[in-house]
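Chain and residue survey
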Amino acid sequence: MVNILLVDDESYVTGSLALTIPWEQLHIQQVYRADSVDQALELMNQHEIDIVVTDIRMPDRDGLELLGEISHQWPEVRTMVLTGHSDFEYAQKAIRLKAGDYILKPVDDEQFIKSVHIAVQALEEERGQLDRYNQLSYRRQSELELLREGLLSDLMLGREPGERELLNRLENYEVMLRPGDAVRMLFVPASPSLRGMEESEARLLEYAAANIAAEVLDQQRPLWSGRAPHNGLIMLWRNDEQETRQNEQLLESFVDNANRYLKLQLNVYISEMIVFPDGLASAYRQLLRFAQGSSASAESRIHYVQPQHYTLERPTINKYMEPLYRPPTLIHLLESGQWDTAREKLNGVLDSLESLPLTHEQLYEVYLAVSNALVYMAHHHGHMLLANDSGGLDPFAAQHITGSLERLRSWCMDVLTRMEGQRSSSVEPSRSRIVKQVQEIVASHLAQDVSVKNIADRVFLHPVYLSKIYKAETGEGLGDYIIRIRMEKALYLLKHTNHKIYEITAELGYQNPQYFSKLFKKHYGMTPNEFRDR
């Protein structure tokens, strides 16, 4: 709705307009009146005014002065002037001061209504454009975060794109780092406090922790953060080695704030300075090993991982593990459906390791390579890997799996077989399951946040990709489906209950009864009250 201010030293003019004009039909919510420029300015400072209609000739200060003040202080306010035939020169000046229209005295109601209607329409269109811009900006920011996180995860897993592609993606994703930059990697494992939580709640807390880190650490230093492939957070921090003490204080502040505001007990593992992006995958594996080992002091929350802390692999071990990372990688083989070649690669590595005195660390490295590839495949193709793997990607199950070479081999082959079965099956049943899952989420969370983005987070898909799947499967847009289900429930509640409109609004997950009424009328051609009174 819109508020209007009428300004004229002849109070009968504004009084007559206030009483005779059908303001509600013009979407005018409140009509204010003033008989001087000073009083008008006082009202504008006290209230939100959208349109000002002012006389030009007034004692002391005239309407042109008021227009000048409005143009300077409230440039978004629409203005119109009242003028007589003899004041046409003033009207020209008013137009130069960005007055939207001028109305001749004595005021003709029809002409006045037409002028105000045009101003209101322009305001509503402008607000609609602003709302659409804000929605697009939010959507773009959300998609940028997903893209940045996806690229960071790929780099952690050793999937580096070509140099030109990497530069383009860094620039398009608004990441401030460039190849060759020296950075430190910060690994924050998932807090024990998150165990047992719903996935959405745990992700929200991790997102909040990342925001705290950005506020505390990003002081003139590019900070790129995202979820680690094996849970927890990864942050790339470009800092000055001469400021070690200050860096420690910043990190302690981050951990303290996460504990104080989020009740999360965090540990931070920090790599040496590495070259971006070449050193990322290696540094990630090293930090992950160290975090899961027994070397970290239980008393400290900030751990600088030095070369002497790394598990040193003998040259023979390195030689036998190297095929695991030699192109084509496991991810490339799985993406292209070369399942037998993937098995041969894994069995070749495992066979070569049989005669060596292995430690848990080497077995765990093979486990990570396989699970990295499988997590990537699951997330990019909509598979429910965790549900079908019987806990194989659970950190506690991982300890058992990597306890011996035979158990690890059995797990690798079993998971590859499961994934091959999923990929070989028809895409249609998978999409149908997604649609059914979406519909179940909408039905059970109608009074909560059932936005497309929230649903996409629950089914672990990108919002744009989920919308395309749903549209292709049902012929109806996901957003349209959510509105339709809400409107159908609204119809039922209006017809079969005595709930008040604001109560129904809340039950449907809307915050504003006026917005709900507008949607209902758009959907059914009448307001909720009109439907109930019918």
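None of these values were measured; they are calculated from a predicted model.

**A few points about the overall build of the chain**
Scanning the chain from terminus to terminus reveals 23 helices and 11 strands. Every one of the 534 residues in the chain was classed for burial, and the buried ones make up 44%. Expressed as a percentage of contacts within the chain between residues at least 6 apart in sequence, the contacts between residues at least 24 apart total 68%. Carbon and sulfur atoms form 48% of the exposed surface of the chain, whose accessible area is close to 28800 Å².

**Section: helix α19 (residues 463–474)**
In this model, α19 (12 residues) spans 16 Å end to end at C-alpha, consistent with the 16 Å of a helix rising 1.5 Å per residue. Buried within α19 are the following residues: P463, L466, I469 and Y470. End-on, the buried residues of α19 take up no more than an arc of 125 degrees, which puts them together on one face. Opposite the buried face of α19, at more than 90 degrees from it, the exposed residues are K468 and A472. Directly beyond the C-terminal end of α19, a positive phi value near 80 degrees is found at G475.

**So, the sheet that holds strand β1 (residues 2–7)**
Strand order across the open sheet formed by five strands is β2-β1-β3-β4-β5, with parallel pairing between neighbours. Every other strand in the sheet has two partners, leaving β2 (28–34) and β5 (101–104) as the edge strands with one partner each. Strand-to-strand twist in this sheet, taken as the mean axis angle between neighbours without regard to direction, amounts to 20 degrees. Where β1 lies against strand β3 (residues 51–55), four bridges are found, and the strand directions are parallel. Bridge pairing in β3 places L6 opposite V53. Strands in contact with helix α2 (residues 37–46) are β1, β2 and β3; relative to β2, the strand with the most contacts, it is inclined by about 145 degrees. Where helix α3 (residues 63–73) meets the sheet, it contacts β1, β3 and β4 (78–83), and its direction lies at approximately 160 degrees from that of β3.

**Some thoughts on helix α22 (residues 513–524)**
End to end, α22 covers 16 Å across 12 residues, agreeing with the expected 16 Å (1.5 Å per residue, within 8%). In this fold, the buried residues of α22 make contact with α20 (478–496), α21 (501–507) and α23 (528–533). With a side-chain oxygen positioned 2.8 Å from the backbone nitrogen of Q514, the residue opening α22 is N512. Just downstream of α22, G525 is the residue with a positive phi angle, here 80 degrees.

**So, the pattern of salt bridges**
Once the charged atoms of two side chains with opposite charge are near each other, the side chains can pair. Enumeration over the complete set of coordinates arrives at 13 salt bridges. Close ionic contact of R61 with D38 constitutes a salt bridge, the shortest N to O distance being 2.7 Å. Of this pair, R61 sits in the loop between β3 and α3 while D38 sits in helix α2, placing them 23 residues apart in sequence. Note that D256 is salt-bridged to R301, the shortest N-O span being 2.8 Å. Of this pair, D256 sits in helix α8 (residues 244–262) while R301 sits in the loop between α9 (280–292) and β11 (302–304), and the two are 45 residues apart along the sequence. For D256, a relative accessible area of 31% corresponds to the partly exposed category. Through salt bridges that share partners, D38, R61, E65 and E69 make up one connected network.

**Remarks on the packing of aromatic side chains**
Taken as a whole and assessed by the stated rule, the structure comprises nine aromatic pairs. With a centroid separation of 5.4 Å and 45 degrees between ring planes, the pair formed by Y470 and Y481 is classed as tilted. Here the residue Y470 occupies a position in helix α19, and Y481 occupies one in helix α20, the gap between them amounting to 11 residues. Residue Y470 shares its accessibility class with Y481, and that shared class is buried. Ring pairs connect the aromatic residues Y510, Y515, F516, F520, Y524 and F531, which therefore count as one cluster. The ring of Y510 carries the charged tip of R486 above its face, separated from the ring centre by 4.7 Å.

**A short note on the confidence of the model for the chain**
Averaged over all residues, the pLDDT of the chain is 78; the fraction at 70 or higher stands at 79%. Segment residues 308–316 is flagged for pLDDT under 50; beyond a separation of four residues in sequence, or across chains, it makes 13 contacts in the model. This stretch, residues 385–392, has a pLDDT under 50; its non-local contacts, to residues over four places away or in other chains, come to 18 contacts.

Rules and cut-offs
- Residues numbered from 1 in each chain as written.
- Predicted model: local features only at pLDDT ≥ 70, side-chain atom pairs only at ≥ 80, totals over all residues.
- Heavy atoms only, no water.
- Helix = DSSP H or I, 4+ residues; strand = E, 2+ residues; numbered from the N terminus.
- Buried < 20%, exposed > 50% of the residue type's maximum accessible area, 1.4 Å probe, protein only.
- Contact = heavy atoms within 4.5 Å.
- Areas by Shrake-Rupley, 256 points an atom, 1.4 Å probe, with all protein chains shown as cover.
- Expected span 1.5 Å × (residues − 1).
- Arc of directions from axis to C-beta.
- Pairing = 2+ DSSP bridges.
- Axes fitted to C-alpha atoms, helices over the stretch in contact; angles between N-to-C directions.
- Polar contact = N/O pair within 3.5 Å; in protein donor to acceptor, adjacent residues only side chain to side chain.
- Salt bridge = Lys/Arg side-chain N within 4 Å of Asp/Glu carboxyl O.
- Phe/Tyr/Trp six-rings, centres within 6.5 Å; stacked < 30°, edge-to-face > 60°.
- Lys NZ or Arg CZ within 6 Å of the ring centre and 35° of its normal.
- pLDDT = per-residue confidence, 0-100.

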